[in-house]
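Listed below are the residues making up each chain.
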Amino acid sequence: MEDMIATIQKIFTLENLLFMMEGVKISLLVAVFGLIIGTLLGTLAASMRISRSKVLSGIGRIYVDVIRGTPMLLQLSFFYLGFPMIYQMITGNYLSVDALLIGILAIGINSGAYVCELIRGAINSIDKGQWEAGMSLGLNRTQILKKIILPQSFKRIVPPLANEFIVLIKDSSLISTIGVYDLMKTSNILGSKYYNYFVPMIFAGIVYLMLTLVVSQITSKIEMRMAESD
Amino acid sequence: MINIEHICKKFPNIVALDDVSLHIYPNEIICLIGPSGSGKSTLLRSINGLEIGDSGTITVNGELVNPNDEQQMCSIRTKMGFVFQHFNLFPHMTVLENMLLGPVEVQKRDREEVKQEALALLERVGLKEKANEYVNKLSGGQKQRVAIVRALCMKPEIMLFDEPTSALDPEMVKEVLDVMRELAKDNITMVIVTHEMNFAREVASRIIFMDEGKIVEENTPEEFFVHPQQQRTKEFLAKVL
């Protein structure tokens, strides 16, 4: 027990805490930008999937199927290692990629597939009668989507989108595998430095838990607000 | 005004319309009656292009109803109001916004001008004080009255009603039928799918009785209810009257 306390004191120096806080910042950065890219891509993919063009909806579908059907870790490695190789094969030039940047991009592309499906789900959950009422007033498809369907879908998108953010906070830890100093990586480094993985891992776990709890608290507040306006 | 020629429509388990032809003239008030599943709602929805027939044609004022031609459909639909059984009001909008959407977005009319007309219409149906309420706050009968004036706001030449009182509590049926009675006096062409026999008898200029996707009998209300010709009609009337 005394050993344990001594180890904790040894590990939790100001310097090490600041080092891990830098990791927290990176983790949040990846989750936030991942969600932003994911939302943009997801919106684009969802509009392709619900479009009447077979080609566009086909592309949207392939994107969703490929991304959701393969491991995120594989996608991350592909973008970090495989993509530069392909680039080199085609152009003959060496491409040096920034791990953080490529990590955010890969996570955003991954998230986009899930966001696409939740947007599509929200749109499809709107009663068919709303489409028919819009049609009976002479509105075209675009006007119905813009004025009737999307405003009603929005409310149903917010809660699962917040859930997606929670998933991203946790899954951002995968970028530690391509050498980005996020919360996971920094705790790993401290672990190997002091030959004690237990303490830094518990600490990282608590920080992840706090982050996700805060987000889910905020989400339920927002949900309650929105329920009031129903 | 509306020409329906040999329209057929099959759903997976049922033949909804079986070679139906019908001509509707200006200012007529047609009541479509018949048992559930007889195809009357499908026929009404086909007029507005909400259902696509497998064969046959429908023209409205000479324009072909073709759901694959969006532009053409929009133009036909602005001339026809449609009232649904389940109202289908837009829950994220107020009563007034529901009414303004079509005229402002589709007909590109002046918002203020439409607003005055909408308020006048709401006053006529006794709902002026509800103009700025969200529609979920209204009762069923109030919702259906709003749905009717929302359609009227487009200044349609034809009004189509798909069982407008079937989803209402019994005590709310009258307030909706009263609005439709008023409307019937305005020389507007109306096609009404209904189970309200007394109402049909009172307002219709022609009754169409359908069964199993076919028009069985059509006649003036007096003849239809007093001297039904077909055996199937007699059976039906014996049960509902």
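Described in the following lines is the structure provided in the data block. Computed from a predicted model, the values in this text were never measured in an experiment.

## As for the sheet that holds strand 6 (residues 80-83) of chain B
Whether parallel or antiparallel, the strands of a sheet pair through hydrogen bonds between backbone atoms.
Residues and elements named next belong to chain B.
Phase 1 of the analysis: One open sheet holds the six strands; their spatial order is 6-7-8-3-9-10, and the pairing between them is mixed. In the strand order of this sheet, the two ends are held by strand 6 and strand 10 (214-219), each with one partner. Averaged over all pairs of adjacent strands, the angle between their axes in this sheet comes to 15 degrees, without regard to strand direction.
Phase 2 of the analysis: Relative to strand 9 (residues 206-211), strand 3 (residues 29-33) runs parallel, the two sharing four bridges. Residue pairing in the sheet places Ile30 in a bridge with Arg206 of strand 9.

## Structural notes on unusual backbone geometry
All names here are of chain B.
Phase 1 of the analysis: Although it is not a glycine, His6 sits at a positive phi angle of roughly 50 degrees.
Phase 2 of the analysis: Tracing the backbone through its elements, the reader meets His6 in strand 1 (residues 2-11).
Phase 3 of the analysis: Here His6 falls in the partly exposed class, since its relative accessible area comes to 45%.
Phase 4 of the analysis: Even without a glycine there, the phi angle at Glu212 is positive, about 50 degrees.

## Looking at the nonpolar core
Phase 1 of the analysis: Counting residues in each nonpolar core, the largest one holds 86 residues, and the members touching the most others are Ile149 of chain A together with Ile2, Ile4, Leu43, Val60 and Leu160 of chain B.
Phase 2 of the analysis: Counting 53 residues, the second largest nonpolar core, distinct from the first, contains Leu96, Leu122, Val125 and Ala200 of chain B.

## With respect to the sheet that holds strand 5 (residues 63-64) of chain B
Residues and elements named next belong to chain B.
Phase 1 of the analysis: Across the sheet, which stays open at both edges, the four strands sit in the order 2-1-4-5 with antiparallel pairing between neighbours. Two strands in the sheet have a free side with no partner beyond their single neighbour: strand 2 (14-24) and strand 5.
Phase 2 of the analysis: Taken together, the seven bridges between strand 1 and strand 2 define a ladder with antiparallel strand orientation. Counterpart to Phe11 in the pairing with strand 2 is Ile14.
Phase 3 of the analysis: Across the face of the sheet, helix 1 (residues 40-47) comes into contact with strand 1, strand 2 and strand 4 (55-60) while running at roughly 125 degrees to strand 1.

## Comments concerning the packing of helix 3 (residues 54-68) of chain A against helix 5 (residues 99-124) of chain A
Residues and elements named next belong to chain A.
Phase 1 of the analysis: Where helix 3 meets helix 5, the axes come as close as 9 Å, and the angle between the chain directions of the two elements is 120 degrees. Relative to helix 5, the element helix 3 is oriented oblique. Here helix 3 and helix 5 pass one another in a crossing that is left-handed. In this structure, helix 3 contributes Tyr63, Val64, Ile67 and Arg68 to the contact, and helix 5 contributes Ile109, Asn110, Gly112, Ala113, Tyr114, Cys116 and Glu117.
Phase 2 of the analysis: A class-by-class count of the residues in the contact of helix 3 with helix 5 yields seven nonpolar, two polar and two charged.

## Thoughts on the pairing of strand 7 (residues 158-162) of chain B
Residues and elements named next belong to chain B.
Phase 1 of the analysis: Summarising burial for strand 7: five of the five residues are buried, a large majority.
Phase 2 of the analysis: Here strand 7 shows no split at all, with Ile158, Leu160 and Asp162 on one side and Met159 and Phe161 on the other all buried.
Phase 3 of the analysis: Across four bridges, strand 6 lies against strand 7 in parallel orientation. Of the residues in strand 7, the one forming a bridge with Phe82 is Leu160.
Phase 4 of the analysis: Sheet analysis places strand 7 next to strand 8 (residues 189-193), joined by five bridges and oriented parallel. Bridge pairing in strand 8 links Met159 to Met190.

## Quick word on the interface of chain A and chain B
Phase 1 of the analysis: Across the contact, 20 residues belong to chain A and 23 residues belong to chain B.
Phase 2 of the analysis: Roughly 1,800 Å² is buried in total at the junction of chain A and chain B, and carbon and sulfur atoms are behind 59% of that figure.
Phase 3 of the analysis: Among the ionic pairs, Glu132 of chain A bridges to Arg45 of chain B, the shortest N-O distance being 2.6 Å.
Phase 4 of the analysis: Going through the elements one at a time, helix 6 (128-136) and helix 7 (141-171) of chain A are the ones with two or more residues in the side of chain A that touches chain B.
Phase 5 of the analysis: Considering every element that reaches the side of chain A that touches chain B, the biggest residue donor is helix 6 of chain A, with eight residues.

Parameters at a glance
- Residues numbered from 1 in each chain as written.
- Chains lettered and ligands numbered in written order.
- Predicted model: local features only at pLDDT ≥ 70, side-chain atom pairs only at ≥ 80, totals over all residues.
- Heavy atoms only, no water.
- Pairing = 2+ DSSP bridges.
- Helix = DSSP H or I, 4+ residues; strand = E, 2+ residues; numbered from the N terminus.
- Axes fitted to C-alpha atoms, helices over the stretch in contact; angles between N-to-C directions.
- Buried < 20%, exposed > 50% of the residue type's maximum accessible area, 1.4 Å probe, protein only.
- Core = buried A, V, L, I, M, F, W, Y, C linked by side-chain atoms within 4.5 Å.
- Contact = heavy atoms within 4.5 Å.
- Parallel < 35°, antiparallel > 145°, perpendicular 65-115°, else oblique.
- Left-handed = near helix turned anticlockwise from the far one by under 90°.
- Nonpolar A, V, L, I, M, F, W, Y, C, P; charged D, E, K, R; others polar.
- Buried area = accessible area lost by both parts, 1.4 Å probe.
- Salt bridge = Lys/Arg side-chain N within 4 Å of Asp/Glu carboxyl O.

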